[in-house]
Amino acid sequence: MKKETSEEKKFITDSGIEIARVYTEHATSKEQPGEFPFTRGVQSDMYRSRLWTMRQYAGFSTAEESNKRYHYLLAQGTTGLSVAFDLPTQIGFDSDHELSEGEVGKAGVAIDSLKDMEVLFDGISLETITTSMTINSTASILLALYVALAKKQGADLKKISGTIQNDILKEYAARGTYIYPPQPSMRIITDIFEYCSKEVPRWNTISISGYHIREAGSTAAQELAFTLANGKAYVRAALEKGLDINVFGKRLSFFFNAHNNLFQEVAKFRAARRMWASIMKDLGATEDRAMMLRFHTQTGGSTLTAQQPMNNIMRVTLQALSAVLGGTQSLHTNGYDEALSLPTEEAARIALRTQQIIGYESGVTDTVDPLAGSFFVESLTDELEKKSWEYINKIEAMGGSVKAIEAGYIQNEIAGASYRYQQDVQNSGKILVGVNQFEMEEKVFDKVFSVDDSIRQVQIEKIKTLKAQRDNAAVKNCLAKIEQDANNGTNLMPGIISAVENYATLGEISDVMRKVFGEYR
């Protein structure tokens with residue numbers, strides 16, 4: 001059998017882009033960073049003025065335990081908090097609900113009421129820290145809890161800043177933590193847009209997420225396309241509600257994944273900015289800040305291997321570097337042990353130090369968009385943009401993201417890409433170091449973090465005490481007001497904030513909206 005030569009072999013990215021042997025020319029643009037269409041970055045000086053926000057995604061067990069981890073991370077140099085919530089909190093069940101059994105405090109922290117939120121941020125001033133919350137179907141309630149706590153701290157709501165993920169469309173397509181059907185879910189999101197534009201103007205009201213789309217197995221081009229298509233759907237919903245694109249557009253943010261193919265990831269981030277600027281301009285935005293794509297990046301959880309887990313430190317370093325070279329505004333680096341468990345304190349510290357070494361020692365932050373003008377990177381940016389527009393145009397022909405999700409198109413495309421990748425790994429067409437090549441006998445990795453099932457009983461006792469001590473008549477009236485607002489189209493946020501201030505639980509509020517909106521199945 002004839003051996004394939006290097007001249008005959010094709011080098012193709014996961015997005016189906018063939019890589020040439022050498023790139024010798026490209027019509028490099030004269031674009032400047034900080035100027036439309038922002039390919040080169042959303043700020044003229046980028047990291048020369050200020051480094052990205054270094055976040056570490058953390059949350060587990062009880063609010064007390066998570067609060068200890070937050071203080072530890074802040075002491076180590078984290079510049080922003082990122083909260084992980086457990087599965088019951090994400091899907092609107094209190095810890096004492098029968099469906100919460102076995103899940104309380106496991107994937108994140110359990111938050112049942114304002115009491116938990118008070119403990120979670122004990123000793124942390126909400127006016128001086130930015131907080132990102134990975135929450136979607138119950139985002140309105142978690143935002144209400146945060147606002148209520150800020151008010152209790154005496155904070156100026158005009159000064160508090162942070163982000164709620166609040167991206168329900170990707171939940172239907174890739175992740176699954178939805179509660180209500182698409183249309184009422186979109187209504188809740190636009191209620192948040194409207195409320196925050198008036199009351200919490202520095203809050204990022206949505207983080208349109210490609211991260212979980214990529215984790216579900218999409219290609220880089222699919223991640224880019226489906227994320228921006230979802231973004232268009234949210235903007236159109238807000239416009240239909242009569243909101244000003246030049247106001248709410250400034251508070252939209254994005255959340256992308258960073259995988260191992262360094263140059264493809266850099267090109268993806270550059271293409272994303274250029275494409276979003278074009279989309280927002282076409283939808284009517286006239287102010288630069290409303291057309292800027294600002295984004296948070298997390299290194300790829302699905303790329304981490306349980307085999308030879310220390311190798312993950314190198315994977316995370318490459319991924320973090322791609323995010324920085326691509327111009328991220330915020331970054332979370334995964335712990336090397338996260339294929340096995342929640343990150344240990346040691347793993348979280350190494351992940352943070354990875355960011356700090358890139359930021360302070362590598363020199364890549366000394367100039368803006370350092371890979372600009374590379375024939376390869378510029379060509380790859382163009383190719384990714386072209387492939388992404390092809391997907392977006394198909395979605396538009398279906399009537400937009402909501403219709404495409406309801407038809408199963410986006411889910412099927414992701415599933416197909418995931419299957420092809422797994423086949424490639426199994427056939428060793430795709431080499432994973434320590435998995436299908438360079439394997440070795442390994443000792444059992446025993447430095448894993450675990451959460452005890454007894455946490456649920458702790459939370460149940462807290463809920464019992466809360467309900468015995470609160471003004472239950474006031475809670476009943478607040479829940480009735482939410483039901484009324486849900487039925488008549490009144491903005492839900494003021495009613496939800498009032499309810500949490502009176503110590504209504506997350507599950508009680510979610511159940512009222514389930515009663516009105518129904519559940520998506």
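Treat the numbers as computed from the prediction; the structure is a model and nothing was measured. Counting restarts for each chain, with residues numbered from 1 along the sequence as it is written. Given that the model is predicted, a residue must reach a pLDDT of at least 70 before its local features are reported, and side-chain atom pairs must reach 80 or more before they are shown or counted; all residues, however, enter totals for whole chains, interfaces and linings. In computing side-chain properties, one takes all heavy atoms of the structure into account and sets aside hydrogens as well as water.

Caption draft 1: Looking closely at the sheet that holds strand 3 (residues 130-134). Any two strands are treated as partners once DSSP identifies two or more bridges connecting them. Per the convention used, a helix needs a DSSP run of H or I reaching at least four residues, while a strand needs a run of E reaching at least two, with both numbered from the N terminus. An order of 5-4-3-2-1-9-8-7-6 is seen for the 9 strands of this open sheet, with the pairing classed as parallel. Looking at the sheet topology across the chains shown, the edges are occupied by strand 5 (203-204) and strand 6 (206-209). Examined bridge by bridge, strand 1 (residues 53-58) and strand 2 (residues 80-84) share 4 bridges and lie parallel to one another. Among the inter-strand pairings, Tyr57 is bridged to a residue of strand 2, identified as Ser82. The contact definition used throughout considers only heavy atoms, calling two residues in contact when any of these lie within 4.5 Å. All axes are obtained by fitting lines to C-alpha atoms, using only the stretch in contact for helices, and the reported angles, taken between N-to-C directions, cover 0 to 180 degrees. Contacts from helix 13 (residues 345-361) reach strand 1 and strand 9 (330-332), with the element oriented near 165° to strand 1.

Caption draft 2: Geometry of the side chain of Asp369. Secondary-structure assignment places Asp369 in the loop between helix 13 and helix 14 (375-398). Residue class for Asp369 comes out buried when judged on its relative accessible area of 8%. Side chain to side chain, Asp369 and Arg40 meet in a polar contact 3.0 Å long. Discounting residues that sit within four places of it in the chain, Asp369 has contacts with Arg40, Arg270 and Leu325. Only protein chains enter the accessibility calculation, which uses a 1.4 Å probe; a residue is then buried when its area is under 20% of its type maximum, exposed when over 50%, and partly exposed in between. Whenever a nitrogen or oxygen atom comes within 3.5 Å of another N or O atom, the pair is scored as a polar contact, on the condition that within protein one atom can donate a hydrogen and the other can accept it, and that pairs from neighbouring residues in sequence are kept only if both atoms are in side chains.

Caption draft 3: Geometry of the packing of aromatic side chains. Note on aromatic pairs: the rings of Phe, Tyr and Trp (six-membered ring only in Trp) are paired at centre separations within 6.5 Å, and the planes decide the class, stacked below 30 degrees, edge-to-face beyond 60, tilted for the rest. Applying the stated criterion across every chain yields a total of 19 aromatic pairs. Here the aromatic rings of Tyr47 and Trp52 are separated by 5.1 Å at their centres, their planes lie at 75°, and the arrangement is edge-to-face. Classification of Tyr47 as buried rests on a relative accessible area of 10%. With a centroid separation of 5.1 Å and 50° between ring planes, the pair formed by Tyr146 and Trp203 is classed as tilted. Taken together, the residues span a long stretch of sequence, with Tyr146 in helix 4 (residues 139-153) and Trp203 in strand 5 at a distance of 57 residues. Overall, the relative accessible area of 0% leaves Tyr146 in the buried class. Residue classification places Trp203 among the buried residues on the basis of a relative accessible area of 0%. Geometry around Phe36 places Lys281 over its ring, the cationic atom sitting 4.8 Å from the centre. Counted as over-ring charges are cases with an Arg CZ or a Lys NZ within 6 Å of the ring centre that also lie within 35 degrees of the ring normal.

Caption draft 4: Molecular detail of the pattern of salt bridges. Just to be clear on terms, a salt bridge is a Lys or Arg side-chain nitrogen sitting within 4 Å of an Asp or Glu carboxyl oxygen. Enumeration according to the criterion identifies 31 salt bridges in this entry. In this structure, Glu171 and Lys170 form a salt bridge, with 2.7 Å as the shortest nitrogen-oxygen distance. In this structure, the salt-bridge partner of Arg514 is Asp511, at a minimum N-O distance of 2.9 Å. A residue pair is termed a helical-turn pair when its members lie 3 or 4 positions apart in one helix, as Arg514 and Asp511 do in helix 20 (residues 506-517) at 3 residues. For Arg514, a relative accessible area of 11% puts it in the buried group. Residue Asp511 is classed as partly exposed on the basis of its relative accessible area of 40%. In this structure, a network of salt bridges that share partners links the residues Asp14, Arg214, Glu223, Glu265 and Lys268.

Caption draft 5: Fine view of the environment of Ala347. In this fold, Ala347 is placed in helix 13. As for Ala347 and Asn334, which are separated by 13 residues in sequence, their C-alpha atoms are 8.2 Å apart. In this structure, Ala347 is in contact with Gly335, Tyr336 and Asp337, ignoring residues within four places of it in sequence.

Caption draft 6: Representation of a nonpolar patch on the surface. A surface patch of nonpolar side chains, about 290 Å² in accessible area, is lined by Ile431, Val433 and Phe438. The exposed category is assigned to Phe438, whose relative accessible area is 56%. Like charges are joined within 9 Å and nonpolar side chains (Val, Leu, Ile, Met, Phe, Trp, Tyr) within 5 Å, but only among residues with over 30% relative accessible area and no salt bridge; these make up the patches. Note on areas: Shrake-Rupley, 1.4 Å probe, and residue coverage restricted to the protein chains presented here.

Caption draft 7: Here's a closer look at the packing of helix 8 (residues 220-240) against helix 14. Viewed as axis vectors pointing N to C, helix 8 and helix 14 meet at an angle of 45°, and their least axial separation amounts to 8 Å. By the angle between their directions, the pair helix 8 and helix 14 is classed as oblique. For the pair helix 8 and helix 14, the sense of crossing is right-handed. Counted together, Ala220, Ala221, Gln222, Leu224, Ala225, Phe226, Leu228, Ala229, Lys232 and Arg236 of helix 8 and Leu384, Lys387, Ser388, Tyr391, Ile392, Ile395 and Glu396 of helix 14 form the full contact between these two elements. Angular relationships are summarised with four words: roughly parallel below 35 degrees, roughly antiparallel beyond 145, roughly perpendicular across 65 to 115, and oblique for the angles in between. By convention the crossing between two helices is left-handed if the near helix lies anticlockwise of the far one by an angle smaller than a right angle, and right-handed if it lies clockwise.

Caption draft 8: Quick look at the pairing of strand 7 (residues 252-258). In terms of burial, strand 7 is a largely internal element, 7 of the 7 residues being buried. Every second residue of strand 7 is oriented toward a common face, with Leu252, Phe254, Phe256 and Ala258 on one face and Ser253, Phe255 and Asn257 on the other, all of them buried. Of the strand pairs in this sheet, strand 7 and strand 8 (residues 295-299) are connected by 5 bridges, and their pairing is parallel. Following the sheet pairing, Ala258 is matched in strand 8 by Thr299.

Caption draft 9: Molecular detail of the environment of Ile192. You can see Ile192 is positioned in helix 6 (residues 182-199). With a relative accessible area of 0%, Ile192 lands in the buried category. Along the sequence, Ile192 and Met493 sit 301 residues apart, while their C-alpha atoms lie 6.6 Å from each other. Here Ile192 is in contact with Ala139, Ser140, Leu143, Ile164, Asn166, Thr205 and Met493, once residues within four sequence places are set aside.

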